Amino acid sequence: LSTAPDGTLKARVRIPESSAWFSGHFPSRPVLPGIAHIAMVMDVLRKAHGSQLTAIAVKRLRFRLAVGPNDELWVTVHPTLSAAGRTTYSFQTTRDTQTACTGGITVEG
């Protein structure tokens, strides 16, 4: 996990073939489900800011690329707004140079 001076967080993640995320999604061609992207973003945020963070909203979620077993992703999270104890981040997961998922997430805690 790395943190840039502007607060941007970046982490490299490899999803092993044995990951439970692929169980039943889909047997003939395993694809990482969308909720896994959100879970990775929350893992990055919790490592950087504490385990008590809770996601309270996800917005503008877009899936652009299927992610499979043993793919390596970069998870990038940018702070965008903070008010009343809640912080909003934009995020992106990328495989090689291709965007896999983008969105925004609001957390509190």
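Residues numbered from 1 in each chain as written. Predicted model: local features only at pLDDT ≥ 70, side-chain atom pairs only at ≥ 80, totals over all residues. Heavy atoms only, no water.

A.B. asks: Summarise the layout of surface pockets; cite the residues concerned and give the values.
C.D. replies: Here the largest pocket is characterised by a volume of approximately 190 Å³. Sorting the residues of the lining of the largest pocket by element identifies strand E2 (9-14) and helix H1 (34-49) as the ones contributing at least two each. Ranked by residue count, the leading element in the lining of the largest pocket is H1, at 5 residues. For the lining of the largest pocket, a count of residues per class yields 10 nonpolar, 1 polar and 3 charged. (1 Å grid on protein atoms, 1.4 Å probe; cavity = no way out; pocket = protein on both sides within 12 Å on 5 of 7 lines; lining within 4 Å. Points joined across faces, edges and corners; volume = space filled by probe spheres on them. Helix = DSSP H or I, 4+ residues; strand = E, 2+ residues; numbered from the N terminus. Nonpolar A, V, L, I, M, F, W, Y, C, P; charged D, E, K, R; others polar.)

A.B. asks: Got a sec to walk through unusual backbone geometry? Specific residues and values, please.
C.D. replies: Between histidine 25 and the following residue, phenylalanine 26, the backbone shows a cis peptide bond with an omega angle of 5°. Inspection of the secondary structure puts phenylalanine 26 in the loop between E2 and H1. You will see that arginine 60, though not glycine, has its phi angle at about 50°, which is positive. With respect to the secondary-structure elements, arginine 60 resides in strand E3 (residues 54-63). Although it is not a glycine, asparagine 70 sits at a positive phi angle of roughly 70°. Positionally, asparagine 70 belongs in the loop between E3 and strand E4 (72-83). By relative accessible area, which is 40% here, asparagine 70 ends up partly exposed. (Buried < 20%, exposed > 50% of the residue type's maximum accessible area, 1.4 Å probe, protein only.)

A.B. asks: Quick rundown of the sheet that holds E4? Include the residues and the values.
C.D. replies: With respect to topology, 6 strands assemble into an open sheet ordered E1-E2-E4-E5-E6-E3, the strand pairing being antiparallel. Two strands lie at the open edges of the sheet, namely strand E1 (2-3) and E3, each paired on one side alone. Inspection of the sheet shows E3 paired to strand E6 (residues 98-108) by 7 bridges, in the antiparallel sense. Bridge pairing in E6 places threonine 54 opposite glutamate 108. (Pairing = 2+ DSSP bridges.)

A.B. asks: Any details on a positive patch on the surface? Residues and values, ideally.
C.D. replies: Together, Lys59, Arg60, Arg62 and Arg64 make up a positively charged patch on the protein surface. Checked against the element boundaries, arginine 62 lands in strand E3. (Patch = residues over 30% accessible without salt bridge, like charges linked within 9 Å, V, L, I, M, F, W, Y side chains within 5 Å. Areas by Shrake-Rupley, 256 points an atom, 1.4 Å probe, with all protein chains shown as cover. Salt bridge = Lys/Arg side-chain N within 4 Å of Asp/Glu carboxyl O. Lys, Arg positive; Asp, Glu negative; His and termini not counted. Charge placed at Lys NZ, Arg CZ, Asp CG, Glu CD.)

A.B. asks: Quick one: what's the story with the side chain of threonine 102, residue by residue and with numbers?
C.D. replies: Its place among the elements puts threonine 102 in strand E6. Its relative accessible area of 16% is what places threonine 102 among the buried residues. Ignoring any residue separated from it by four or fewer positions in sequence, one finds threonine 102 in contact with Arg60, Leu61, Arg62, Arg64, Phe91 and Gln92. (Contact = heavy atoms within 4.5 Å.)

A.B. asks: Run through the nonpolar core, naming residues and quoting values.
C.D. replies: In this structure, Ile15, Leu32, Val41, Leu45, Val77, Ile105 and Val107 are the most contacted members of the largest nonpolar core, which totals 23 residues. Contributions of two or more residues to this core are made by E2, H1, E4, strand E5 (86-95) and E6. (Core = buried A, V, L, I, M, F, W, Y, C linked by side-chain atoms within 4.5 Å.)

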